[in-house]
Amino acid sequence: MATIEKGTGTIALCAFDKIAELKKHEFGRPAPGPNDVSIDNKFCGMCHSDLHACNGDWGLNMYPIAPGHEVSGIVTAVGANVTDFKVGDRAAVGCFVASCETCDLCTEGLENHCPQCVQTYGSKFPEGKGDNFQGAAGHHTNGGYSDNIVVNQRFVFQIPESISLKDAGPLLCAGITVFSPLNRHILQKAGTGKGKKHVGVVGFGGLGHMAVKIAKAMGADVTVLSRNTKKEAQANALGANLLVHTDEKALSEQVRVFDCILDTVSAPHPIAPIMGTLKVGGVMVLLGAIPTPFELNAFSLLFSRHTLEGSLVGGVPETKKMLDFCAEHNIVPDSKVIHAKDASDRFKQMAEGTADADRYVIDISTLKEL
C-alpha cells in the first residue's frame, strides 16, 4: 500500500536487510482520497512470498519493508465517491492495490496482469493516483504487517458474514491463488469427460491445504504429493490421499492419473517425474515462485499432450467469486493467530522448511506491545 516514507502514524513490522528479522518501524499513510477506503488492520496472514521479498530471494532490495498481502480489518473512513463501503464495514485487501484500470486486461477483470499493476508491497507507487498520494509516489509500497492502510475501493473486498476477520486475509492470497487455476480447469469443466476429476497437489503447506479444501468442494478426488508421510494424517483428515513423490517406484505406478496438478512448492525440485502422472491432455500449474529454471523433456509433453503453465492470483471479479464460493462451502484456512513478536520465528520455520500446513496470522493489535 502507498507509504509516506518519512511520515508517521503507522506502526509496522519491517525487515531491514536480507537477514529478514522483523522489527517495529513507523511510517505514514496518505489520507483517503475520493475513491479510497481507509482500514484499521486487525489481522494479516503470513505468506511464503513475504519471506522471499524480505530475504533477497526475489532481488527486491527495498528496505525497510513491511510485507503482508493477506489483510483484514475494519473500515474507518471512505472517500466521497466510495459506494461499496461504509465506516464500520469488515474489509479485506489482497496482493495488489492499484492498476491502470483502463487497459483491456483491467476491463476484462484481469487487473493482476495489468502492466501497471501495483503490488501490495514491493512495488514503486506510481504518479497520477491522486493528490493525496503525491507523498507516496516513487517510494515502494508496504503491506499489511502494519496497523492501517489506504486503498482504492476497486481493490478492497467485502468479507462475507460467515467468514471471520482472522480467516478472510489468507483467502485473498492462498485462497485465490489455488481457486483461480481450479476454477479454470475443474469448476468450469464440471460435467465434461467421464467420471470425477482427479487433482494432485504438490506440497501441503498454506497453499496446499487450501487447494485440497477447494478442489474437494468442486467435487474432485484429491491426492497430496509430498516429500514424505509426515503430513499424511492432515491430508487424510481433509479427505485427500497422500503420495510420496520422492519414492520413484510409487510415483512410476501412478500412470495417467491426474487431470490437473497444482504445484505449490516454492523451493527448487524436479517436476518431470510428477508431470508423468498426468492424464493425456492434463495440465500442471506452477504456483510457487521459483527463480531457477526447471528441467523438462519435450517428448513428455508431445506424447501425452501435457500442458505446463503458471498462475498468479485472480483479478477482482474472480476474487469476489472465490469469496462467495468459500462462504457457500464453509471453506476457511486452518490458521493459528500469533503475537507480532513471534513473526520472525515463523519466517525461520518457512526458510527451514519446517512450517506446518496451518496459515499463521498476525494479530495486528499486538504491534503496540512491541
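Residues numbered from 1 in each chain as written. Predicted model: local features only at pLDDT ≥ 70, side-chain atom pairs only at ≥ 80, totals over all residues. Heavy atoms only, no water.

**Overview of the nonpolar core**
Working step 1: Ranked by size, the top nonpolar core spans 99 residues in total, and within it V93, I214, F347 and I362 carry the most contacts.
Working step 2: With sequence-adjacent residues up to four places away left out, V93 is seen in contact with M1, I39, H69, E70, V71, I149, V151, F155, V156 and L172.
Working step 3: Residues L243, L251, I261 and I274 belong to the second largest nonpolar core, which totals 14 residues. (Core = buried A, V, L, I, M, F, W, Y, C linked by side-chain atoms within 4.5 Å. Buried < 20%, exposed > 50% of the residue type's maximum accessible area, 1.4 Å probe, protein only. Contact = heavy atoms within 4.5 Å.)

**Details of the pattern of salt bridges**
Working step 1: Scanning the model with the defined rule gives 13 salt bridges in all.
Working step 2: For R154, the salt bridge identified is with E101, shortest N-O distance 3.8 Å. Of the two residues, R154 sits in the loop between β8 (148–152) and β9 (156–158) while E101 sits in the loop between β6 (96–98) and α2 (104–107), which places them 53 residues apart along the sequence.
Working step 3: The class of R154 is partly exposed, set by a relative accessible area of 24%.
Working step 4: D167 serves as the salt-bridge partner of K166, at 3.1 Å between the closest nitrogen and oxygen.
Working step 5: Where salt bridges share partners, they join E101, E111 and R154 into one cluster. (Salt bridge = Lys/Arg side-chain N within 4 Å of Asp/Glu carboxyl O. Helix = DSSP H or I, 4+ residues; strand = E, 2+ residues; numbered from the N terminus.)

**What to know about unusual backbone geometry**
Working step 1: A cis amide bond links Y63 with the next residue in sequence, P64, at an omega value of -10°.
Working step 2: Along the chain, the position of P64 falls in the loop between α1 (48–55) and β4 (71–78).
Working step 3: Residues other than glycine seldom take positive phi values, yet R256 does so here, at roughly 50°.
Working step 4: Note on placement: R256 falls in the loop between α6 (248–252) and β13 (258–263).
Working step 5: Looking at R256, the relative accessible area reads 44%, which means it is partly exposed.
Working step 6: Of note, R305 is a non-glycine position whose phi angle comes to about 50°, a positive value.
Working step 7: Looking at the secondary structure, you find R305 in the loop between α8 (298–304) and β15 (307–310).

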